There are 2 protein chains.
Amino acid sequence: MKRRIPTRIYLAEDEMPDAWYNLRADMPTKPAPMLHPQTFKPITEEDLRAILSAEAARQELDEESRFVPIPEGILDFYRAFRPSPLIRAYYLEKALDTPAEIYYKFEGTNTSGSHKLNSAGPQAFYAREEGLSSLATETGAGQWGSAMAMACGFYGLDLSVYMVKVSSEQKPYRKALMESYGARVIPSPSDTTEAGRRILAANPDSGGSLGCAISEAMEASRRSDKCRYVLGSVLNHVMLHQSVIGLEAKAALDKYGLRPDIVIGCAGGGSNLGGLIAPFVAERLAGKSAARFIAVEPASCPTLTRGRYAYDFGDTAGTTPLMMMRTLGAGFMPAPGHAGGLRYHGMNPVLSKLHNDGLLEARAEPQLAVFDAATRFMKCEGILPAPESAHAIKAAIDEALECRRSGEKKTILFGLSGTGYFDMTAYTAYNSGAMTDKALSDEDLEKGFASIPAVSGD
Amino acid sequence: MKRRIPTRIYLAEDEMPDAWYNLRADMPTKPAPMLHPQTFKPITEEDLRAILSAEAARQELDEESRFVPIPEGILDFYRAFRPSPLIRAYYLEKALDTPAEIYYKFEGTNTSGSHKLNSAGPQAFYAREEGLSSLATETGAGQWGSAMAMACGFYGLDLSVYMVKVSSEQKPYRKALMESYGARVIPSPSDTTEAGRRILAANPDSGGSLGCAISEAMEASRRSDKCRYVLGSVLNHVMLHQSVIGLEAKAALDKYGLRPDIVIGCAGGGSNLGGLIAPFVAERLAGKSAARFIAVEPASCPTLTRGRYAYDFGDTAGTTPLMMMRTLGAGFMPAPGHAGGLRYHGMNPVLSKLHNDGLLEARAEPQLAVFDAATRFMKCEGILPAPESAHAIKAAIDEALECRRSGEKKTILFGLSGTGYFDMTAYTAYNSGAMTDKALSDEDLEKGFASIPAVSGD
């Protein structure tokens, strides 16, 4: 049987995008400005340059350029693992007996195992171009740390990774992977920073959080003027780099005259989702499509579905700029039983704005349902998904089953942002029946909300 | 910069081979026949059907068909992960400053992480087509067991995997992966079989061996006439299925008018190497090329370089048919410090014959040199190789450096048979300096040789 549309659609190397797409340029109303953490005034590029590389700082505040050219030095890095395949989920469609056509953009074919490499490369490249010698960052589930370790190995930069302690204990092989690429990995909270020591003093058994690891990494990066901080999600320049996902997906669909009716992505800090949907949101804003966009988050960290839309810090120590975003408060801690990533308290400001404007739907899923979907998917499609990515699978399956009920032949696109090879502890817990879901109470939420500062931005 | 040859060459889905290539049909003298383990007479298809599925038995003895059509039900499975990329090692070439062009066929993009899936699919498919309900097999490093777990999950068959105990302890996540796909994993030697109990009685602390695990799996498979045994390497029908690697690699090179001067593969039982080189050996046999073929094996299990060419059993209990092959003796045990796979005592009979006829070169590498090569490779090419595959990388680097010395612009092709995501224990040992090499003494070899039966085959 010859298929009109192959199972895997690959772009040719010379069809790869040579510029990132900046959705902010096409938004009729822009997100509220980022604020300085002390003055509460809109932050300047110069302010940001104290934290980020100069080019990252420029891109972070750039709301005008629709396209930002990708330098040859980054394209050279991208060609080591891109273009990534767009896969038609023939096996899953058959298993679901759905009239829907399901496609997924698979970002897990590189060794870091996820889309994070798309921004790790540029961030390391700019740092090297600007004469920096080292970088500091945090990692939760380990995907971002692995990606930065690979990028710093490639570009020849030193890297310190503050890894959320509970994650470093659950995933010793993630640590080994980062070390194999030459990175230094420090479980967080640690006694190597003020921020870490403060948390440990309050709670010696703290398993850590992304907010705390960010505080530690930022503090560490300030120790040398040859060092800067890099972040794997949430920020606008990260989402900009991730637009390569959506641009490639759109180019591959365009080859076959396809246009998605629904675009789905898992959402932690939002970079994968934002990168995937960006060019499709542009079409909708231009009146060229009526596509729906769905963010899927864990029920144990429901930033979009239960968070507040407010100015908040990106870290627990309150050292980052303030962002207007959906947030659970930097003091929020997901339940200890929560297995995967997607445990960040906030959400990229652009996505938060789209959600607030009614352009982005959101749903929260309990983890058992997510692992059910992952197992169903892996048995027919073959690929073992990252628990994070399995949130998107869950929603894609639900939408495809809805099509079976309604008889509609919709085109569903979702982001399979990474693989679960380093998440076997979670899969073992699921397989053995040890995994549970604990409902998040309003009291738990209020504890997080209490940490949101009272800043209006006016 | 536009490259004439892209970094990754993908065949289109409809360019995938629809038949396997059977090298035996083109060999001027055939390998000596397989012998029945009791009568020592050439084995018949009927004999083999007691162990293998009928089609596997037929293919095992088929020396006439040059091409064996791949059924649509197997192509359907292949399309879930094939075609695999042929990658131009631009980054490695640059790092080595070599005039050589290096290409590698990368079989690690599927979840099982290696080429083993190419034969797991067909073996499960034939079993299901013939009405069998379950399969039993062994696994060493875990790649074959993972591949069979995926294939049995896909085709709906029960699977028992006897996993070499030392490997199951080093790689708990491999076990979890197999269980996620629904397989039952039993550390070997176990008390569930006669063969296992005999080994445990002699040595309660035995860490196991492939030869022992094969004995256990074969014994288990004989308990039901709805069950058969499947093997991931060594046998001719396995090498036949793996010819898909070489056929795709050749088709991709042909697109750019390229012909390899040297083809390199790691060698355990020989299926990956044999599958990769088969169509290129055919060209050499036909006088169309002067390509060299290099098998790379671990110094701690040097089957081709230090083994005997003799009839031997495939397992420790002496229950398999006898094969004329290079062998260290089924009683051979690699040193406990040996980290990776490639620990089988014998070598596929076709490859053993090619080696004996002077067509296949062989070299043995100590593991520290292999991990050095792996680390060098991963830092520039990005991909974390399986320790097994890193043997091929070592030889490819050596040949490319030889080209730098000689100034020759050779075309080198090697097989990157899999990824090392489940081998982080070994990488951690290497990174920390805990990994060692222990020279294999002639006395150790003699112990293995003592287990080779005195069978002439006349």
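To be clear, the structure that these remarks concern was listed above.
Since the model is a prediction, treat every value here as computed from it, not as a measurement. (Residues numbered from 1 in each chain as written. Chains lettered and ligands numbered in written order. Predicted model: local features only at pLDDT ≥ 70, side-chain atom pairs only at ≥ 80, totals over all residues. Heavy atoms only, no water.)

**Let's talk about the overall build of chain A**
Going by this rule: Here a helix means four or more residues in a row that DSSP labels H or I, a strand means two or more in a row labelled E, and each is numbered from the N terminus. We compute the radius of gyration over the C-alpha atoms and compare it with the globule rule, which gives 2.2 Å times the number of residues raised to the power 0.38. Burial classification: accessible surface area is computed with a 1.4 Å probe over protein chains only, and a residue below 20% of its type maximum counts as buried, one above 50% as exposed, and the rest as partly exposed. What makes two residues a contact is simply this: any of their non-hydrogen atoms within 4.5 Å. The protein chains shown are the only cover counted for residues, whose accessible areas, like all others here, come from Shrake-Rupley with a 1.4 Å probe.
Check the secondary structure of chain A and you find 18 helices and 15 strands. Computed over C-alpha atoms, the radius of gyration of chain A comes to 20 Å, within 12% of the 23 Å expected from 2.2 N^0.38 for 458 residues, which places it in the range of a compact globule. Based on the C-alpha atoms only, the size of chain A along its principal axes is roughly 60 × 50 × 45 Å. Within the span of chain A, comprising 458 residues, buried residues form 68% of the whole. At a minimum sequence separation of 6, the contacts of chain A that also span at least 24 residues come to 76%. If you sum the accessible surface of chain A, you get close to 15000 Å²; carbon and sulfur atoms cover 50% of it.

**Quick word on the relation of the copies chain A and chain B**
The two chain copies are related to each other by a rotation about an axis together with a translation along it. Defined as follows: The fit set for superposing copies consists of C-alpha atoms from residues with pLDDT of at least 70 in both; the fit itself is least squares.
Structural alignment of chain A on chain B gives an RMSD of 0.0 Å, achieved by rotating through 180° and translating 0.0 Å along the axis. Seen this way, the second copy is the image of the first under a two-fold rotation axis. Comparing interface residues between copies, 100% of those in chain A also sit at the interface in chain B, which points to an isologous, same-surface contact.

**Some thoughts on the packing of aromatic side chains**
Heads up, the condition is: Pairing of aromatic side chains here covers Phe, Tyr and the six-membered ring of Trp, requires ring centres within 6.5 Å, and sorts the geometry by plane angle: under 30 degrees stacked, over 60 edge-to-face, intermediate tilted.
Enumeration according to the criterion identifies 33 aromatic pairs over all chains in this entry. Arranged with centres 6.2 Å apart and planes meeting at 75°, the rings of Phe377 of chain A and Phe414 of chain A form a pair that is edge-to-face. Taken together, the positions of Phe377 of chain A in helix H15 (residues 367-381) and Phe414 of chain A in strand E15 (residues 411-416) put the pair 37 residues apart, joining distant regions of the chain. Overall, Phe377 of chain A belongs to the buried group, its relative accessible area being 0%. Residue class for Phe414 of chain A comes out buried when judged on its relative accessible area of 0%. Centroid distance Phe77 of chain B to Phe81 of chain B: 5.6 Å. Interplanar angle 75°. Geometry classified as edge-to-face.

**Re the interface of chain A and chain B**
Put simply, the test is: By buried area we mean how much accessible surface two parts lose on assembly, using a 1.4 Å probe and totalling the loss over both. By definition here, a salt bridge exists when the distance from a side-chain nitrogen of Lys or Arg to a carboxyl oxygen of Asp or Glu is within 4 Å. The term polar contact refers here to a pair of N or O atoms within 3.5 Å; inside protein, the definition further demands a hydrogen-donor-capable atom paired with an acceptor-capable atom, and it admits residues adjacent in sequence only when both atoms are side-chain atoms. Polarity classes work like this: nonpolar for Ala, Val, Leu, Ile, Met, Phe, Trp, Tyr, Cys and Pro, charged for Asp, Glu, Lys and Arg, and polar for all others, with Gly in that last group.
Across the boundary between the two partners, chain A contributes 45 residues, which contact 45 residues of chain B. Of the roughly 4000 Å² buried between chain A and chain B on both sides combined, carbon and sulfur atoms contribute 52%. Among the residues chain A hides against chain B, the three largest losses belong to Tyr173, Ser180 and Tyr421 of chain A. Together they make up 18% of the total. For the pair chain A and chain B, the interface holds 0 salt bridges. Run the count over chain A and chain B and you get 21 residue pairs in polar contact (both at pLDDT 80 or more). When residues of the side of chain A that touches chain B are traced back to their parent elements, those giving at least two are helix H3 (72-78), helix H6 (143-155), helix H8 (172-180), H15 and helix H17 (424-432) of chain A. If one sorts the elements of the side of chain A that touches chain B by residue count, H8 of chain A sits on top with 6 residues. Tallied by class, residues from the side of chain A that touches chain B come to 22 nonpolar, 12 polar and 11 charged.

**A short note on the nonpolar core**
What counts, and what does not: Side-chain atoms within 4.5 Å link the members of a nonpolar core, which is a set of buried Ala, Val, Leu, Ile, Met, Phe, Trp, Tyr and Cys residues.
Core analysis: the largest hydrophobic core is formed by 236 residues, its most contacted members being Ile264, Leu354 and Phe414 of chain A together with Ile264, Leu354 and Phe414 of chain B. When neighbours within four sequence positions are excluded, Leu354 of chain B is seen to be in contact with Leu23, Met27, Ile277, Val281, Leu359 and Leu360 of chain B.

**Observations regarding the side chain of Glu248 of chain A**
Residues and elements named next belong to chain A. Along the chain, Glu248 falls in helix H11 (residues 236-255). The exposure class of Glu248 is buried, given its relative accessible area of 0%. There is a polar contact of 2.9 Å between the side chain of Glu248 and the side chain of Arg82. Those residues in contact with Glu248 that lie beyond four places of it in its chain are Leu11, Met16, Pro17, Arg82, Pro83, Ser84 and Lys105.

**A closer look at the pairing of strand E11 (residues 292-298) of chain B**
Residues and elements named next belong to chain B. Our working definition: We call two strands paired when DSSP finds no fewer than two bridges between them. Throughout, right-handed denotes a crossover for which the path from the first strand over the helix to the second runs clockwise when the strands point away from the viewer.
E11 sits mainly inside the fold: 6 of its 7 residues count as buried. Here 5 bridges tie strand E10 (residues 262-266) to E11, and the two strands are oriented parallel to one another. Bridge pairing links Gly265 to Ala295 in E11. Taken together, E10, helix H12 (residues 271-285) and E11 constitute a β-α-β crossover, and its handedness is right-handed. Note: E11 against strand E14 (residues 361-365), 5 bridges, orientation parallel. Residue pairing in the sheet places Glu297 in a bridge with Ala364 of E14.

**Points about the packing of H15 of chain A against H17 of chain A**
Residues and elements named next belong to chain A. Threshold: Fitted lines through C-alpha atoms serve as axes, helices being fitted only where they are in contact, and the angles separating the N-to-C directions of these axes extend from 0 to 180 degrees. Any angle from 65 to 115 degrees is called roughly perpendicular, while one under 35 is roughly parallel, one over 145 is roughly antiparallel, and all others are oblique.
Following both chains from N to C, one finds H15 and H17 inclined at 100°, their axes separated by 11 Å at the closest point. Classified by the interaxial angle, the pair formed by H15 and H17 is roughly perpendicular. In this structure, H15 contributes Leu368, Phe371, Asp372, Ala374, Thr375 and Met378 to the contact, and H17 contributes Ala426, Tyr427 and Tyr430. Taken together, the residues of the contact of H15 with H17 break down into 7 nonpolar, 1 polar and 1 charged.

**Digging into the sheet that holds strand E4 (residues 86-88) of chain B**
Residues and elements named next belong to chain B. Reading across from one edge, E1-E4-E5-E15-E10-E11-E14 is the order of the 7 strands in this open sheet, with mixed pairing throughout. Bordering the open sheet on either side are strand E1 (8-9) and E14, each of which pairs with just one other strand. Note: E10 against strand E15 (residues 411-416), 3 bridges, orientation parallel. From the neighbouring strand, Ile262 faces E15, where its bridge partner is Ile412.

**Some words on the packing of helix H6 (residues 143-155) of chain B against helix H8 (residues 172-180) of chain B**
All names here are of chain B. Note the following rule: If you view the pair so one helix is near and one far, a crossing is left-handed when the near helix is turned anticlockwise from the far one by less than a right angle, and right-handed when it is turned clockwise.
Direction vectors running N to C along H6 and H8 enclose 15°, while the axes themselves pass 8 Å from each other. The angle between the axes of H6 and H8 places the two elements in the roughly parallel class. The handedness of the crossing between H6 and H8 is left-handed. Judged by residue contacts, Gln143, Gly145, Ser146 and Ala149 of H6 engage Arg174, Leu177 and Met178 from H8. Here the contact of H6 with H8 is built from residues that sort into 3 nonpolar, 3 polar and 1 charged.

**Focus on the sheet that holds strand E7 (residues 158-164) of chain B**
Residues and elements named next belong to chain B. Strand order in this open sheet of 4 strands is E8-E7-E6-E9, and the pairing throughout is parallel. Each edge of the open sheet carries a strand with a single partner, namely strand E8 (184-188) and strand E9 (227-229). Across the sheet, the axes of successive neighbouring strands diverge by a mean angle of 20°, strand direction being ignored. Sheet topology note: the strand E6 (residues 134-139)/E9 ladder contains 3 bridges and is parallel. Looking at E9, one finds that Ala136 is bridged to Tyr229. Against the sheet, helix H10 (residues 210-221) contacts E6, E7, E8 and E9, and its axis sits at roughly 170° relative to E6.

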